[in-house]
Each structure stands twice: as structure tokens, then as C-alpha cells.
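# Inside the fold
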Amino acid sequence: MARAPQVLKGMRDFLPEQMLLRQHVLSTFRGVFERYGFEPIETPVIEYLETLTGKYGEDEKLIYSFQDRGERNVGLRYDLTVPLARFVANHRNDLTFPFKRYHIAPVFRADRPQRGRYREFWQCDADIVGTKSMMADAEVVSVWIDALSAINMPGFVVHINHRKLLMSLAEVAGVPDDQTPTIHRAIDKLAKIGEDGVLKEMQSNGIPEDAARRVLDLVSITGEPGEVFDELARRLAGNSMAEEGISEMRSLFDFLDKMGADSSHYTLDLTLARGLDYYTGPVFEAMSVDANIGSLGGAGRYDGLVGMFSGEDLPATGCSLGLERIFDVIQEKNLVAAPSTVSKVLVTVFNGDTIGESLALVGELRRAGVESDIYSGEKFDLRRQLQYANRKGIPRTLILGPDEIQTGQVIVREMSTGDQQSVDRANVAEAIHSALRADRAAD
RNA sequence: GUGCCCGUAGCUCAAUUGGCAGAGCACUGGUCUGUGGAACCAGGGGUUGCGGGUUCGAGCCCCGCCGGGCACCCCA
């Protein structure tokens, strides 16, 4: 017994009941993406290693890599964004720009697993390639809000910052370029470790105290986004990097407002830092205060990434949701109801002599479009078959024994109540259809 | 990748200082030969995650590996 092999660290199996819930969530996301005009693509799970390297900074060490037969150096994709950039570079003559695509697929990271952190997990990405307009970024934030709302995610907020603002902070602090990430890492922890903690962290990494305080003062500005931008513009006047960032952020927030995006679901967060090297403009992170599972998704603008593959720069922006974390929250908090089985009805078998009658009935129902199971076990006691339906959550059973066959009837049993009704054999499909219509109307 | 905690039946957990591996639920069969989700009775199921070591003797102590979790790092 204990000999059964395990699955690899950080990877999981899914039972049918879980898959039905996953598929339900995925089709909800697909619906939201398509409502915004995003269209599906797929790319290979494996890429040439050199396609993946040099894009993620420090995280590069988490790429699964190996040699295939033929000794090519290859890697499992780390996200869906870099494959998209490669995809666009390969197919740019066949695409219509701005190109909007969504991509829902597994990605791999050789990270140390933890709650909400897996080595294989699914991402749900929506991106727009080929425009620098903040309209695209607003679309991305908005589609995110709609997707998370559609699955009843509680208390989620999209935090918004801008890479150019982050860069200008480092300029203001007067630290060398290679110290920039240190500052970003420190301020990103503000909510967690407080001002003193941030100051301490910066100083222990060689940032002078007065520079650290200047940075901290800037990111501590609070108020309505418009007021914060005004204040930042005053304090960072003359810094061209900051001015570009502020101006883009103003139009992003303006567009979100005009789109009617729910402002309780997005917020300006000057401390938000995103680690991936390829971000160049607005950056986003979706978090749920109620979920306690870290971020639900990360996103941002990456204007230089496609150019790394094609030579021809194509600006791009997009978002990514982590399905496993969302799925874990949904299960934990019971946010979404999905059926526990695909079957709408179970046809029972009375005994060896009536198998033919039952098979004929189930075939008829299937041709009529009803998801119908037939009990295929070797023992025919009704008890066993009702138990099977009950455990799987199949809502109705059809019973046809010698008496019913004799009189041309079928018994339709409602499993939730135990109510039974005799229906003329000829009308069974229609009776089931109308019962299903009634079920749907009741929802 | 670093540091720490954990691993006993399908699940949740017991097992004095190292001394014959157990319970509840679940499962199978029966009470019940045309009716599930209840009850009662009986039964099956384990080389204690895997491999080594110490010991007269290891579920318990030591080492390695596999898997789970927490804190870092980082991230979805």
C-alpha cells in the first residue's frame, strides 16, 4: 500500500469534483475576457532556455531547465508573458494590432512549496500588445476587477503603482543604479514592517539615513489619487522620469473612472514594487485582505520585452491571475457553487434480463441531449444504485422494472425529496427536459 | 536556495521512560430479493512515508532521501 508513488513536490492531482469547480471558474474567466474582446491563444509548455533567460532577474534560478534528446537546452515556461512576447515576435505579420489575447495554462517554477505556492500552477492572463495608450492599462485593470468580482472574491483590491515613479525614487535618494532594487524591496514591506523597519532595512543595505527618509516621505503621501499626483509633481518637479510616470498615472486613473470601474476595487499604492525585470510602466497587484494567501495576481506594462525577440519594439501591458490561489480561496470560503457531478440523471438496471431496456432508455436520453449515466456495476440491487446516485449527487434516477416495462412506464425519482412519478416511456425525455428547465429557473 | 516544525489504516487522530500498533469516521457484507442519505451486527484493511544506523528490542533515538507546512528570499 505504502508503495504507491507520490506526485512530485509542489504538484497536485485533482479529483472530478475539484475539476468541475476549476472548469466552472475557468469558463467564468473566459467569459469575462471575451466580453472585453480578448481572444484565446496557446503556446508550448517547453521553450528554448534562452527564450526564458534574462527576463526575470533574480527569479531566473527558479526556471525548470534540462536537456532534451538532441541536447537542446530547454525550460518549462515560468509565466505566460515571456511566451507571449516570443509569440508576437514570431507572428507579428499575422496579427492585428493592438493585439488582445488571453491565455489560460499551467506554468512551472522550481520554488519551495508553501500554502498557495506550487511548482505547477495555472495562470489566467489577458494582455494587449502594440499600444502605449493608458487605455490598454485601464482595460487590463478593469478586466481583472470584473474577473475577480465574477467569482465573488471578497475584499480584493488592485494596487497600482508606476515603474517610472519607483525609478525616480531611487534618483531622489541619490543611490547607484544597482541599489535601486534594494529601495524597492524595502518600501514594498512598509505595510508589513512599518516605517522604522523600512528605514532599518534600507540602512542595513547601505542606503544613507537621509536618503532613506526622503524616499519614505515620498511614498507616505496619502490622499485622493489626484491630490497625491499633484503633491508628487511638486516634490519631484524637474525629474523627467517622475513627470512621465505621473502623467501616465493621471490618464490611467482618469480612464478607469470614465469606464465606470468600481473604485473600491483599485487603489494607488506608491509602495508597490514588482520584482520582474521586464516591467517598464504601470504595475499592478491584486490582493484580498480576507484571503490571507498573498497576491492573487500580478501585472504591468512591459514595453521592451517583445523587442528583445524581434528587434522591433512593441509596447505591451497585461495582467495575470493565479488560478490555484483563487481556487484555494474559493474552496476555503465556499464562494462558488458548482455541481458535484456532470450527470443529470441515472438510469438504473433492474436485473440481467432488463439491461436491454435500460440501455435503450439511456441511449435515447443521450440523443436527446441529457447528460445521462447508467449504472454499470455487476450487482443490480436498487439500493446500491440509489446509493451510487446519492453519493455522486445525481439529482434524479429512472427506475424501470418488469412492472414498468409491462405497462410502458418509467419511474422518475427525485433524489432530494424521494418523490416518485410514473411517466409514459415515450415522454421520459421531455419530462426530464422540463424538470431541468424548472431547476434552472429556480436558481 | 537558507532556517525550523511535521509524516501512524482512505480521512481525523491515539499508543506510559524505547517493550505485542489502536479508535472514530469511511469502506465491504448482512439485518433488508423493487428504493439512497438513519440504526444495529460482522468483516477487510498497516513492513508506522522510503532507506540505512544505534539497541536484546525502534512508531518513538540518529543520518540520508521523499512528501507536507511555517518564517525568510521571492512570488501567482
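What you see is a predicted model; the values in this text were computed from it and never measured.

## Quick notes on the sheet that holds strand E8 (residues 266–268)
The strand order E1-E5-E6-E11-E10-E9-E7-E8 describes an open sheet built from eight strands, whose pairing is mixed. Looking along the sheet, the strands with just one partner apiece sit at the ends: strand E1 (39–40) and E8. With respect to the sheet, helix H1 (residues 16–35) is in contact with strand E5 (99–108), strand E6 (120–129) and strand E11 (316–322), its orientation differing from that of E6 by roughly 5 degrees. Packing against the sheet, helix H4 (residues 134–150) makes contact with E5, E6, strand E7 (156–162), E8, strand E9 (282–288), strand E10 (295–301) and E11, and its axis sits at approximately 15 degrees to E11.

## Considering the protein's contact with RNA strand B
As a structural note, the neighbourhood of RNA strand B is formed by 47 residues, with Arg185, Arg274, Ser295, Gly297 and Met415 the closest of them. Sugar and phosphate atoms represent 53% of those atoms of RNA strand B found within 4 Å of the protein. Contacts to RNA strand B include Asn390, whose side-chain N or O atom sits 2.6 Å from a base nitrogen. Listed by contribution, the elements that provide at least two residues to the surface near RNA strand B are E6, E10, helix H14 (382–392), helix H15 (402–407) and strand E15 (409–414). Among the residues making up the surface near RNA strand B, the classes are represented as 15 nonpolar, 14 polar and 18 charged.

## Here we look at empty space enclosed by the protein
Counted under the stated rule, the structure contains one cavity of 30 Å³ or more. Considered as a void within the structure, the largest cavity measures approximately 50 Å³ in volume. Along the walls of the largest cavity sit Asn161, Leu165, Ser168, Leu169, Leu218, Val219, Leu232, Leu236 and Leu270, which together make up its complete lining. For the lining of the largest cavity, the secondary structure elements donating two or more residues are helix H5 (163–173) and helix H8 (209–219). Broken down by element, the lining of the largest cavity gets its largest block of residues, three residues, from H5. Split by residue class, the lining of the largest cavity holds seven nonpolar, two polar and no charged.

## Some points on the domain arrangement of chain A
On domain assignment, one finds that chain A holds domain 1 (16–333) and domain 2 (345–442). If you average the C-alpha positions of domain 1 and of domain 2, the two centres end up 51 Å apart.

## What about the layout of surface pockets?
By volume, the second largest pocket amounts to about 400 Å³. Around the second largest pocket, the lining residues are Pro339, Ser340, Thr341, Ser343, Lys344, Glu371, Gly393, Pro395, Leu436, Asp439, Arg440 and Asp443. Its residues assigned to classes, the lining of the second largest pocket shows three nonpolar, four polar and five charged.

## Side note on helix H9 (residues 225–235)
Along H9, the residues that are buried comprise Val228, Phe229 and Leu232. Buried residues of H9 fall within an arc of 100 degrees about the axis and therefore sit on the same side. Residues of H9 that are buried sit in contact with H5, H8, helix H10 (240–259) and E8.

About the thresholds
- Throughout, residues of each chain are indexed from 1 in the direction in which the sequence is written.
- A letter from A marks each chain and a number from 1 marks each ligand, given out in the order of writing.
- Given that the model is predicted, a residue must reach a pLDDT of at least 70 before its local features are reported, and side-chain atom pairs must reach 80 or more before they are shown or counted; all residues, however, enter totals for whole chains, interfaces and linings.
- In computing side-chain properties, one takes all heavy atoms of the structure into account and sets aside hydrogens as well as water.
- Here a strand pair is declared whenever DSSP counts at least two bridges between the two strands.
- What counts as a helix is a DSSP run of H or I of at least four residues, what counts as a strand is a run of E of at least two, and both are numbered from the N terminus.
- Every residue pair with non-hydrogen atoms within 4.5 Å of one another is taken to be in contact.
- For helices, the fitted line uses only the C-alpha atoms of the stretch in contact; every axis is such a line through C-alpha atoms, and the angle between N-to-C directions lies from 0 to 180 degrees.
- Here, proximity means that at least one heavy atom of the residue falls within 4 Å of the molecule or strand.
- Here a polar contact means two N or O atoms within 3.5 Å. Within protein one must be a hydrogen donor candidate and the other an acceptor candidate, and residues neighboring in sequence count only if both atoms are side-chain atoms.
- The nonpolar class holds Ala, Val, Leu, Ile, Met, Phe, Trp, Tyr, Cys and Pro. Asp, Glu, Lys and Arg form the charged class, and all remaining residues, Gly among them, are polar.
- A pocket here means an open set of points on a 1 Å grid, computed over the protein atoms alone, that has protein on both sides within 12 Å along at least five of seven lines. A cavity is instead a set of points where a 1.4 Å probe fits but cannot get out; residues with an atom within 4 Å of a point line either one.
- Grid points are joined across faces, edges and corners, and a volume is the space filled by probe spheres set on the points.
- Boundary definitions for the domains trace back to an automatic or database domain assignment.
- For the exposure calls, accessible area comes from a 1.4 Å probe over protein chains only, and a residue counts as buried if that area is under 20% of its type's maximum, exposed if over 50%, partly exposed in between.
- Note that the arc is defined by the directions from the helix axis to the C-beta atoms.

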